[in-house]
Amino acid sequence: MRMAFVLGEIGSGIRRNLSMVVSVILVTFVSLTFVGAAGLLQMQINQMKGYWYDRVQVAVFLCVDNDVSPSCASGAVTDEQRSAIETKLNSAEFEQYIDTVHFEDQATALGHFREQFANSPIVDSVTADQLPETFRVSLVDPEKYEVINEAFSSMPGVESVSDQRELLEKVFSFMNIASLVALIIAVLMLVCAILLIATTIRLSAFSRRRETGIMRLVGASKAVIQLPFVLEGVIAALIGAVLASGTLWAVAHFFIGMLARQYPATAFISAREVLLLSPILLILGTLLAGVSSLLTLRRYIKV
Amino acid sequence: MITFDNVTKVYDRNSRPALNSVSLDVDRGEFVFLVGASGSGKSTLIRLVLKEEHATRGTVYVAGSNVAKIPSWRVPRLRRGIGVVFQDFRLLPNKTVFANVAFAMQVIGRSRAVIRDSVPEVLKTVGLEGKDNRLPHELSGGEQQRVAIARAIVNRPGILLADEPTGNLDPTTSLGIMKVLDRINQNGTTVVMATHDHDIVNAMRKRVIELRNGKVVRDEREGIYLATAMQPVVPAAGTENPAADSNDAAAGDALRQGSPAGSEVSE
């Protein structure tokens, strides 16, 4: 009976304040979508880091014919130079730093190049002898790149030593900034959502002050008086959170799905990650509305 | 049922106390008029009983328990034992008579079956049979006050507090309301009614507690309330019924004839 009564009160409250309730739904929807977007970006970054850090290596590029870099003034790498480098890479001195060494000849390099730039017209103009032979070195600790760089970059026949992680760091830092921006927008929108919920509850409490006054007089408990207001806010926020989850799922499913088909080599998060994220959004929405409406009620409804 | 032990209530340090060392006892089943001019402390006394205000000094006991010691989560229980009626009725305009009375039962979790039984019964007690489905604006002032009384007593409180329940009604209608309150009192409910309507007080011949400037100046069984006894609260304000000159013998007649001295606002 009491539950039916509370539900009826919520219904009439929502009907009376429909426009405010709709605005609460929209604001929580947008803010939680940004929270979720920031979360998904972080998940994507982590996934890519995990994927790439295992694969990314230090590349020791060897000189090719007509190389313009100053370290290759003596022309293409000779067989002796190559084997000297290889011996040094496999020596006991570097065993503690190096996990595996893998030699990539020019034909393999061309194959990788073609794969990577499959959609670009540049593919047709590149030939195998333009691409350098490479020792792909994976490190035990990727942070120890400098040791390898110092030891090998000055060896004859080496064009350059590059840490491919640096390239990725740029991508990751860009994605980090994007997720930070999304988070800042999310925080601003959440502040809006909290203030809007507080205002809505205040209006709702004002428009029902006659009822609450009588409830107080006849001895209704604090819960029965306040619950309809709190639930009104919580329901609106929950609807917003559900919409946000749905939107994120749709984005993950269609947009990221499309990206994943275009870049099969990259590890993308899937719509499954949204399923992990949406309970957090629902809880966040509920807490947001519940706490802000309780705080507001403490000021505007005397019990 | 209600005991005030040296109760003082100060709203604001700079002005005189609203109640000043008031001590009184209302027994179970009594009918008490609380009389005095506006600002004499009647409403403050009622608010203290409901724990809407806290006594600055002294102790208020309601149904045996010290009101100051009731924790806030138990206050609803205190209020379930007290019905309240106001001068301005305070009905919900969008609810029918039945729904207004039922509201008081719904919010404390009474079952639908109990509500279906109790509401018509209490509407009969206040003399509103057959008006269940009227909306408040379709009723006269007296009928609206009867609905308010029905709502106040539907949960069978031990105490009924009425703060100038006839203040907005004409004398004839007031008499009807007084009959209802008297009947409720006969059924065992303690009734405390604040009023400055001396015609009603004189006609009923019940216990009268008179407050003036926050002090009890008179407490009589079967008392009367003389208009001449009224003193201005603030010397410049003047009395509320300067023309009133009724005495004990004329009071009953005045009530029946509808003397304008008896009412502030007529419908």
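Residues numbered from 1 in each chain as written. Chains lettered and ligands numbered in written order. Predicted model: local features only at pLDDT ≥ 70, side-chain atom pairs only at ≥ 80, totals over all residues.

## Focus on the overall build of chain B
Broken down by element type, chain B carries 8 helices and 10 strands. Per-residue burial for chain B yields a buried fraction of 46% across its 267 residues. For chain B, the share of sequence-separated contacts (at least 6 apart) that also reach a separation of at least 24 residues comes to 68%. (Helix = DSSP H or I, 4+ residues; strand = E, 2+ residues; numbered from the N terminus. Buried ≥ 20, exposed ≤ 12 C-beta atoms within 10 Å, placed from the backbone. Contact = placed C-beta atoms within 7 Å.)

## Considering the overall build of chain A
Along chain A, the regular secondary structure elements total 11 helices and 4 strands. The C-alpha atoms of chain A give 31 Å as radius of gyration, which overshoots the globular expectation for 303 residues (19 Å, by more than 25%). A principal-axis box enclosing the C-alpha atoms of chain A has dimensions of 100 × 40 × 30 Å. Expressed as a percentage of the 303 residues in chain A, the buried residues total 34%. Across chain A, contacts joining residues at least 24 apart in sequence account for 83% of those joining residues at least 6 apart. (Rg over C-alpha atoms; globule rule 2.2 N^0.38 Å.)

## Side note on the interface of chain B and chain A
For interface size, the figure often reported is the accessible area lost on association. Taken together, the contact between chain B and chain A spans 18 residues of the former and 15 residues of the latter. When residues of the side of chain B that touches chain A are traced back to their parent elements, those giving at least two are α2 (75-80) and α3 (97-106) of chain B. Tallying contributions element by element places α2 of chain B first for the side of chain B that touches chain A, with 4 residues. Its residues placed into classes, the side of chain B that touches chain A shows 8 nonpolar, 4 polar and 6 charged. (Nonpolar A, V, L, I, M, F, W, Y, C, P; charged D, E, K, R; others polar.)

## Quick look at the pairing of strand β4 (residues 57-62) of chain B
Residue and element names in this part refer to chain B. Where strand β1 (residues 2-9) and β4 come together, 5 bridges link them in antiparallel fashion. Considered in β4, the bridge of Asp5 is made with Thr59. Linking β4 back to strand β5 (residues 65-66) in an antiparallel pair, the connection comprises 2 residues, with Ala63 at a positive phi of about 50 degrees. (Pairing = 2+ DSSP bridges.)

## A short note on helix α6 (residues 171-186) of chain B
Every α-helix winds through 3.6 residues per turn, so residues three or four apart in the chain are directed the same way. Residue and element names in this part refer to chain B. Taking 1.5 Å per residue, 16 residues should reach 22 Å; α6 reaches 22 Å between its end C-alpha atoms and fits that length. Pro171, Thr173, Ser174, Leu175, Ile177, Met178, Val180, Leu181 and Ile184 are the residues of α6 that are buried. One or two residues past the end of α6 sits Gly188, with phi positive at roughly 110 degrees. (Expected span 1.5 Å × (residues − 1).)

## Considering the confidence of the model for chain B
Residues and elements named next belong to chain B. Chain-level pLDDT for chain B is 85 on average; 85% of the residues reach the 70-or-more range. Note that pLDDT drops below 50 for residues 229-267; the model gives that stretch 64 contacts with residues more than four away or on any other chain. Note on the complex model: pTM 0.71, ipTM 0.78. (pLDDT = per-residue confidence, 0-100.)

## Focus on the pairing of strand β10 (residues 215-220) of chain B
Along a regular strand, successive side chains alternate from one face of the sheet to the other. All names here are of chain B. Here 5 bridges tie strand β9 (residues 207-212) to β10, and the two strands are oriented antiparallel to one another. Looking at β10, one finds that Leu211 is bridged to Val216. What sits between β9 and β10 in their antiparallel hairpin is a turn of 2 residues, with Asn213 showing a positive phi close to 50 degrees.

## Concerning the sheet that holds β1 of chain B
Neighbouring strands of a sheet are bound in pairs by backbone hydrogen bonds; such pairs are parallel or else antiparallel. Residues and elements named next belong to chain B. Read across the open sheet, the 4 strands follow the order β2-β1-β4-β5; overall the sheet is antiparallel. Each end of this open sheet is capped by a strand with a single partner; those strands are β2 (19-26) and β5. Its contacts with the sheet put helix α1 (residues 42-49) on β1, β2 and β4, and the angle it makes with β1 is roughly 120 degrees. (Axes fitted to C-alpha atoms, helices over the stretch in contact; angles between N-to-C directions.)

## What to know about the packing of α3 of chain B against helix α4 (residues 112-125) of chain B
All names here are of chain B. Remark: α3 packs on α4, axes separated minimally by 10 Å, with the N-to-C direction vectors making an angle of 125 degrees. Here α4 runs oblique to α3, going by the angle between their axes. You can see that α3 and α4 cross each other, and the crossing is right-handed. Residue-level inspection shows Val97, Phe98, Val101, Ala102, Met105 and Gln106 of α3 in contact with α4, the latter providing Val114, Ile115, Ser118, Val119, Val122 and Leu123. (Parallel < 35°, antiparallel > 145°, perpendicular 65-115°, else oblique. Left-handed = near helix turned anticlockwise from the far one by under 90°.)

## Section: the nonpolar core
Counting 123 residues, the largest nonpolar core has Val24 of chain A together with Leu34, Val49, Val101, Ala150, Leu161 and Val192 of chain B as the members making the most contacts within it. With 14 residues, helix α2 (residues 18-55) of chain A is the largest single contributor of residues to this core. Setting aside chain neighbours within four positions, we find Val49 of chain B in contact with Ile2, Val60, Val62, Ile82 and Leu161 of chain B. Val60, Leu62, Ile85 and Leu139 of chain A belong to the second largest nonpolar core, which has 17 residues in total. (Core = buried A, V, L, I, M, F, W, Y, C linked by C-beta atoms within 7 Å.)

## A closer look at the environment of Phe33 of chain B
All names here are of chain B. Mapped onto the fold, Phe33 is located in strand β3 (residues 31-35). For Phe33 and Arg207, which are 174 residues apart along the polypeptide, the C-alpha to C-alpha distance reads 6.1 Å. For Phe33, the residues in contact, after removing those within four places along its chain, are Met193, Thr195, Val201, Lys206, Arg207 and Val208.

## Notes on unusual backbone geometry
Residues and elements named next belong to chain B. Within the chain, Lys51 stands out as a residue other than glycine whose phi angle is a positive 60 degrees. The topology assignment puts Lys51 in the loop between α1 and β4. Since 19 C-beta atoms lie within 10 Å of it, Lys51 is described here as partly exposed. The phi angle at Glu164 is positive, at roughly 50 degrees, despite the residue not being glycine.

## Details of the confidence of the model for chain A
Close inspection of predicted coordinates is inappropriate in any region flagged by low pLDDT. In the predicted model, chain A carries a mean pLDDT of 84, and 97% of its residues have values of at least 70. Within chain A, no element has a lower average pLDDT than helix α6 (residues 122-125) of chain A, which sits at 74, and none a higher one than helix α9 (residues 209-217) of chain A, at 90.

## Overview of the environment of Ala107 of chain A
The topology assignment puts Ala107 of chain A in helix α5 (residues 106-116). Distance in space between the C-alpha atoms of Ala107 of chain A and Glu133 of chain A is 8.9 Å, their sequence separation being 26 residues.

## Looking at the packing of helix α8 (residues 164-207) of chain A against helix α11 (residues 271-300) of chain A
Residues and elements named next belong to chain A. Closest axis-to-axis distance for the α8/α11 pair is 9 Å, and the angle between their directions is 45 degrees. Classified by the angle between their axes, α8 and α11 sit oblique to one another. Crossing of α8 against α11: the hand is right-handed. For the pair α8 and α11, the contacting residues are Leu190, Ala193, Ile194, Ile197, Ala198, Ile201, Arg202 and Ala205 in the first and Leu288, Ala289, Ser292, Ser293, Thr296, Leu297 and Tyr300 in the second.

## Details of the sheet that holds strand β8 (residues 190-195) of chain B
Residues and elements named next belong to chain B. Ordered in space as β6-β7-β8-β3-β9-β10, the 6 strands form an open sheet in which the pairing is mixed. The two strands at the open ends of the sheet, each matched to only one other strand, are β6 (82-86) and β10. Strand after strand, the sheet turns through a mean of 15 degrees between neighbouring axes, direction not considered. Bridge count for strand β7 (residues 159-163) against β8 is 5 bridges, and the pairing is parallel. Bridge pairing in β8 links Ala162 to Met193. Each of β3, β7 and β8 touches α6; the most contacted strand, β8, lies at about 150 degrees to it.

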